[in-house]
Amino acid sequence: MSNDNMNSFFVTTAISYVNGKPHLGHAYEAIACDVLARYKRLSGVNTFFLTGTDEHGEKNERSANKEGLSPQEFTKINSDHFEDMTNYLNISNDYFIRTSSESHHIASKALWNKLVENNEIYIDKYEGWYSIVDETFINEDEIIDGPNKTKLGPSGDKLEWLEEPSYFFKLSKWTNKLLEFYKENPDFIKPKSRRNEVINFVKQGLNDLSISRQRLKWGIKVPNDNKHVMYVWLDALTNYLTAINYPDISDKKFKCFWPADFHVIGKDIVRFHAVYWPAFLMSAGLEPPKTIFCHGFLNINGSKMSKSLGNVLSPKDLVEKYGLDQLRYFLLREVPFGQDGNFSHTQITQRINNDLANDYGNLSQRVLSFINKNCSSQIPEYFELNELDQKYINKFKSLNKSCDKLIFDNLEFHNVLIEIWSCISSANQYIDEQAPWKLKNNNNKRMETILYLLACSIKYLTIMLQPFMPSSCSLILDQLAVENNNRSFNELNNFLSLKPGTQLPKPTGIFPRFTD
RNA sequence: GGCGGGGUAGCUCAGCUGGUUAGAGCACGGGAAUCAUAAUCCCGGUGUCGGGGGUUCGAGUCCCUCCCCCGCUACCA
């Protein structure tokens, strides 16, 4: 690992296959990665956050035909929907990659050539059941037994056994090296349950992998053999390298950000990232990424999201209905990252009203409003701190560090939020116990001290919450008159960092209750 | 079938290498307060810890067995 790589952070989402519009699952992954990236940036780390679209393949080719469009036109339209999503979700990606882009073709071909050079690729035959109607090989689990030992495809047509020349990657020879790699790198696949699955799978022994197709047109041409197009994963996975200027491995960006810190992916594509990808990379003489983190799926009202059930939720609609930061908060608070979870109107409404409106929003509003009315709209002075005050402040001391650990060890976003909320709860207790409203007329110094500590608490908590709810937190920090360059995690080292006498604007509520 | 994970309060779950009356949040009930977005704070649980058997001074926590749920078991992304 180079020195450049030490204080840098590279996180990626999976690239989305653009055969349709984004759904809640895409949003979920993008938001989680966005929180990671923002968190690292606020910690002062040089961060590169990548997302994008996967555009090649027969599905898109066919969908394009069906709509009378070229694959280029079709994928551009859909890719734009995904890029648009990064905007309305306030995703802070540094780059949006498209696999149909020229730079990606160059990178993929370079990787292919490297594998050829290292004798990892050979030509042989790919054989399987082929559907003429669908113009594609059919997976075993999709094949239906027809009459007289015939095989039928998903469209009900008769399948043919077909052979065609194909290039293969020598995956089999990597079996033991992969097992060793997993053993030496316990953090490579997370959560642990996925790691076990992968190891279990690899232990069975690996077959070589078909990595080209002849009858496919929409894709990256195999170098020196124009009849072939690269098949799926070699193309798709390479996007992580393209974005940091591969094949120029002496490039500053590449040296700085490779190996990637986190590839965050859905549990459905674990194998490709945890088996094929490190094998490809090691074959090319490159380091594998540090961690493949697999998140779960979101159910809707308890049932799987699916087109046939008609319950596919559009992130855009959800943002319009509930608010962006509300949605972001809900997704990361409600379900432990890595496990499956559920989305329902009742659940998100409860989170919005209980956590955001009542606990956090109301805390901020009651404190700021009290200051506005009783301290001439200025950050109050603080005087003597008693034992209770110290005890209260101490609750915040270790918050940032324990959150660091929770996030970067296992992406425990929900536990980070639980920790932060425990402090919000302490603040609500503190204000009730201290009851500054009773001190208005007889002990102004004490009242100001209490309010000062509370204002500092809100600043602290809001700085911590920025990665999760960037816009709302920005508004609250505005209300505390915190300068833009005083909003990083650096500020958390000094709890009493607000400057007494600072003029404050009139506060307004940031998290309204949700009512139907 | 094989491998792995799980079955704890109405709901979602926490309970590390076995040890005082089994916990949290939400929901529900009562009270206090009135600075605040009718928000907040305090108090309130008779749960066969999936069933049965065993080890132990002592088991949700270990062993055996049975029942149920989920994931993985190769080329759609």
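Cut-offs and rules
Residues numbered from 1 in each chain as written. Chains lettered and ligands numbered in written order. Predicted model: local features only at pLDDT ≥ 70, side-chain atom pairs only at ≥ 80, totals over all residues. Heavy atoms only, no water. Helix = DSSP H or I, 4+ residues; strand = E, 2+ residues; numbered from the N terminus. Buried < 20%, exposed > 50% of the residue type's maximum accessible area, 1.4 Å probe, protein only. Areas by Shrake-Rupley, 256 points an atom, 1.4 Å probe, with all protein chains shown as cover. Lys, Arg positive; Asp, Glu negative; His and termini not counted. Charge placed at Lys NZ, Arg CZ, Asp CG, Glu CD. Near = heavy atom within 4 Å. Polar contact = N/O pair within 3.5 Å; in protein donor to acceptor, adjacent residues only side chain to side chain. Pairing = 2+ DSSP bridges. Core = buried A, V, L, I, M, F, W, Y, C linked by side-chain atoms within 4.5 Å. Contact = heavy atoms within 4.5 Å. Axes fitted to C-alpha atoms, helices over the stretch in contact; angles between N-to-C directions. Parallel < 35°, antiparallel > 145°, perpendicular 65-115°, else oblique. Left-handed = near helix turned anticlockwise from the far one by under 90°. Nonpolar A, V, L, I, M, F, W, Y, C, P; charged D, E, K, R; others polar.

K.L.:
Describe the overall build of chain A, and please don't skip the residues or the numbers.
P.N.:
In terms of regular secondary structure, chain A is built from 18 helices and 18 strands. Taken over the C-alpha atoms alone, chain A extends approximately 95 × 50 × 40 Å along its principal axes. Considering chain A as a whole, with its 516 residues, one finds that 56% of them fall into the buried category. When the accessible area of chain A is evaluated, it comes to approximately 23300 Å², of which 46% is carbon and sulfur surface. Positive and negative charge centroids in chain A, built from 58 and 62 side chains respectively, lie 3 Å apart.

K.L.:
I'd like to hear about the protein's contact with RNA strand B, residue by residue, with values.
P.N.:
Residues in contact with RNA strand B amount to 40 residues; listed here are only the nearest, Y17, D54, N139, N207 and V232. Close to the protein, within 4 Å, the atoms of RNA strand B belong to sugar or phosphate groups at a rate of 69%. In this structure, G205 approaches RNA strand B through a main-chain N or O atom, which is 2.6 Å from a base nitrogen. At a separation of 2.5 Å, a phosphate oxygen of RNA strand B approaches a polar side-chain atom of K373. Sorting the residues of the surface near RNA strand B by element identifies α6 (192-203), β11 (209-210), α13 (345-374) and α16 (413-434) as the ones contributing at least two each. Considering each element in turn, the surface near RNA strand B owes the most residues, twelve residues, to α13.

K.L.:
Before we move on, can you summarise the sheet that holds strand β6 (residues 136-137) with the specific residues and values?
P.N.:
Across the sheet, four strands lie side by side as β6-β5-β9-β11; this open sheet has antiparallel pairing. Two strands close off the open sheet at either side, each with one partner strand: β6 and β11. Relative to β11, strand β9 (residues 160-169) is paired through two bridges, and the arrangement is antiparallel. Bridge pairing in β11 links F168 to S210.

K.L.:
Explain the nonpolar core residue by residue, including any values.
P.N.:
Formed by 98 residues in total, the largest nonpolar core has its most connected members in L36, F343, F413, I420, W421, F468 and M469. For this core, the leading source of residues is helix α17 (residues 444-465), giving 14 residues. Once residues lying within four places of it in the same chain are set aside, the contact partners of I420 are L399, C403, L461, M464 and L465. Counting residues in each nonpolar core, the second largest holds 59 residues, with W112, I121, F188 and F254 among its members.

K.L.:
Explain the packing of helix α3 (residues 71-88) against helix α11 (residues 315-322) to me, and be specific about the residues and the numbers.
P.N.:
At a minimum axis separation of 10 Å, α3 and α11 run at an interaxial angle of 20 degrees. With respect to α11, the element α3 is oriented roughly parallel. Regarding α3 and α11, the two cross each other, and that crossing is left-handed. Note on element contacts: α11 touches α3 through P315, K316 and V319, opposite D84, M85 and Y88. In the contact of α3 with α11, the residues fall into four nonpolar, no polar and two charged.

K.L.:
Explain the pairing of β9 to me, using residue names and the numbers behind them.
P.N.:
For strand β5 (residues 121-131) and β9, the ladder comprises ten bridges, and the chain directions are antiparallel. The partner of Y126 across the bridge, within β9, is E164.

K.L.:
Describe helix α18 (residues 470-479), and please don't skip the residues or the numbers.
P.N.:
Residues P470, S472, C473, I476, L477 and Q479 constitute the buried set of α18. The secondary structure elements touched by the buried residues of α18 are α1 (24-42), α12 (324-334), α13 and α17. Count one or two residues on from α18 and you reach A481, which has phi positive near 55 degrees.

K.L.:
Go over the sheet that holds strand β14 (residues 225-230) with me, naming the residues and quoting the values.
P.N.:
On the basis of which strands lie adjacent, the open sheet formed by three strands has the order β12-β14-β13 and antiparallel pairing. Of all strands in the sheet, those with a lone pairing partner are β12 (212-213) and β13 (221-222), marking the two edges. Bridge analysis of β12 against β14 gives two bridges, and the strand direction is antiparallel. Looking across to β14, one finds that R213 is bridged to V229. Helix α4 (residues 102-117) contacts β12, β13 and β14 of the sheet and is inclined by roughly 105 degrees relative to β14.

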